[in-house]
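Observations on the three-dimensional arrangement
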Amino acid sequence: MSKYGTLVMGPAGAGKSTFCTALIQHLQNSKRPCFYVNLDPAAEEFAFEPDLDIKDLISLEDVMEEMSLGPNGGLIYCFEFLMENLDFLTDPLEDVTEDYLIVFDMPGQIELYTHVPVLPNLVKVLMQGSLNIRMCAAYLLEATFVIDRPKFFSGTLSAMSAMMMLEMPHINILSKMDLVKGQVARRDLQRFVDVDADLIDDDPSRKPSDEEDSKNYRDPATKESLMSGSAFHKLNKAVAELIDGFSMVSFLKLDVQDEDSLGAILSYIDDATQYHEAQEPREPKEFDADMEEQ
Ligand SMILES: Nc1nc2c(ncn2[C@@H]2O[C@H](COP(=O)(O)OP(=O)(O)OP(=O)(O)O)[C@@H](O)[C@H]2O)c(=O)[nH]1
């Protein structure tokens, strides 16, 4: 029996928990069962109570207090503790059946997705061995980043870093679309969705003086110029061309108020995990009975 899941990731405040809530509501509206796992040891409030909550094993607040660690070190400690107590996570997941979507709500600390091995190791546990969950990563980036183009490309690099580190089916999502509607023309927005390197050249917020401005990029100790404004621009452009040239990243648009938007994202997750191929046709009554049991 296969299991299906999505790992909801992205920087702090990208809208991960809000997306999880909207996705769970959408699944309920579609009469599809969901198993909600909170893996953020600092999360406080939930619209839907998690079926499994890492805070029942360990909380970031306790770790910070007892181990005198900061929030980032504390988070890594929590995940290492989880890896040493994997039964806490794996035992309840053993019983989840193939009609469920398992939604993992992840923390926002970016180092978890960039340079520590704990998340790839956790993903191996979920996708291999007895659990054998077919997973799709959903990486969220705030749509408001499109107003600041270098920031958008930097966010895109963090999405790529997660893609490369986790080596699992992956979709990228521009969240909080309601905040940019009307601010960015539809045609322009398409250039962010299918990332276009020329966005860096056409940036209306970029002043001509930025080309020559090197005073902000001096080494504070030696006062040597580290990189001129134009060199930064060339670097940004080269990164953008790499992303564009290899079609490495594209985005789905998320508006949590819009059922069609949620439905479209869910169908990408289902395609990536091949959910529909494994489903037996079911009688509606059988479905309702399952939902009542939850
Ligand atoms: N306008 C708008 N605000 C949103 C949306 N999604 C999230 N927010 C707001 O953005 C803030 C962060 O949302 P969360 O869902 O908590 O983000 P998160 O990624 O889970 O945050 P962390 O767990 O702290 O990393 C909250 O104030 C939300 O109300 C959205 O689609 N539209």
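Residues numbered from 1 in each chain as written. Predicted model: local features only at pLDDT ≥ 70, side-chain atom pairs only at ≥ 80, totals over all residues.

For the chain, the name recorded in an unreviewed UniProt entry is GPN-loop GTPase 3, with Cucurbitaria berberidis CBS 394.84 as its organism. Under the Sequence similarities (unreviewed entry) heading, UniProt states for the chain: "Belongs to the GPN-loop GTPase family." You can read under Function (unreviewed entry) in the UniProt record for the chain the words "Small GTPase required for proper nuclear import of RNA polymerase II and III (RNAPII and RNAPIII). May act at an RNAP assembly step prior to nuclear import." (UniProt positions renumbered as here; feature names shortened; annotations may be inferred.)

Below, the discussion takes up the overall build of the chain. Helix and strand content of the chain: 12 helices and seven strands. Counting across all 294 residues of the chain, residues that qualify as buried make up 32%. Across the chain, the fraction of contacts at a sequence separation of at least 24, relative to all contacts at a separation of at least 6, is 73%. (Helix = DSSP H or I, 4+ residues; strand = E, 2+ residues; numbered from the N terminus. Buried ≥ 20, exposed ≤ 12 C-beta atoms within 10 Å, placed from the backbone. Contact = placed C-beta atoms within 7 Å.)

For the ligand, the set of nearby residues contains 15 residues, the closest of which are Gly15, Lys16, Ser17, Thr18 and Gly108. Counting residues per element, the shell around the ligand draws most heavily on helix H1 (residues 16-29), which supplies three residues. Of the residues belonging to the shell around the ligand, the class tally is four nonpolar, seven polar and four charged. (Near = placed C-beta within 6 Å. Nonpolar A, V, L, I, M, F, W, Y, C, P; charged D, E, K, R; others polar.)

Judged by nonpolar contacts, the single largest core of 67 residues is most densely connected at Ile102, Val103 and Ala138. Per-element tally for this core: the top contributor is strand E5 (residues 133-142), with eight residues. With sequence-adjacent residues up to four places away left out, valine 103 is seen in contact with Thr6, Val8, Cys20, Leu23, Ile24, Cys34, Tyr36 and Val37. (Core = buried A, V, L, I, M, F, W, Y, C linked by C-beta atoms within 7 Å.)

Before going further, it helps to spend a moment on the pairing of strand E6 (residues 170-175). Most of E6 is tucked away, with six of its six residues classed as buried. Burial of E6 is two-sided: the residues His170, Asn172 and Leu174 facing one way and the residues Ile171, Ile173 and Ser175 facing the other way are all buried. One ladder, built from six bridges, connects E5 with E6; its direction is parallel. If you follow leucine 140 over to E6, its bridge partner there is isoleucine 173. In terms of handedness, the path from E5 via helix H7 (residues 149-166) over to E6 forms a crossover that is right-handed. Across three bridges, E6 lies against strand E7 (residues 251-253) in parallel orientation. If you follow isoleucine 173 over to E7, its bridge partner there is leucine 252. (Pairing = 2+ DSSP bridges. Right-handed = clockwise from strand over helix to strand, strands pointing away.)

Attention now moves to H7. With 18 residues, H7 should cover 26 Å at 1.5 Å per step; its first-to-last C-alpha distance of 26 Å lies within 8% of that length. Within the span of H7, buried status applies to Arg149, Phe152, Phe153, Gly155, Thr156, Ala159, Ala162 and Leu166. Projected down its long axis, H7 shows its buried positions confined to an angular sector of 165°, all on one face. One or two residues past the end of H7 sits glutamate 167, with phi positive at roughly 50°. (Expected span 1.5 Å × (residues − 1). Arc of directions from axis to C-beta.)

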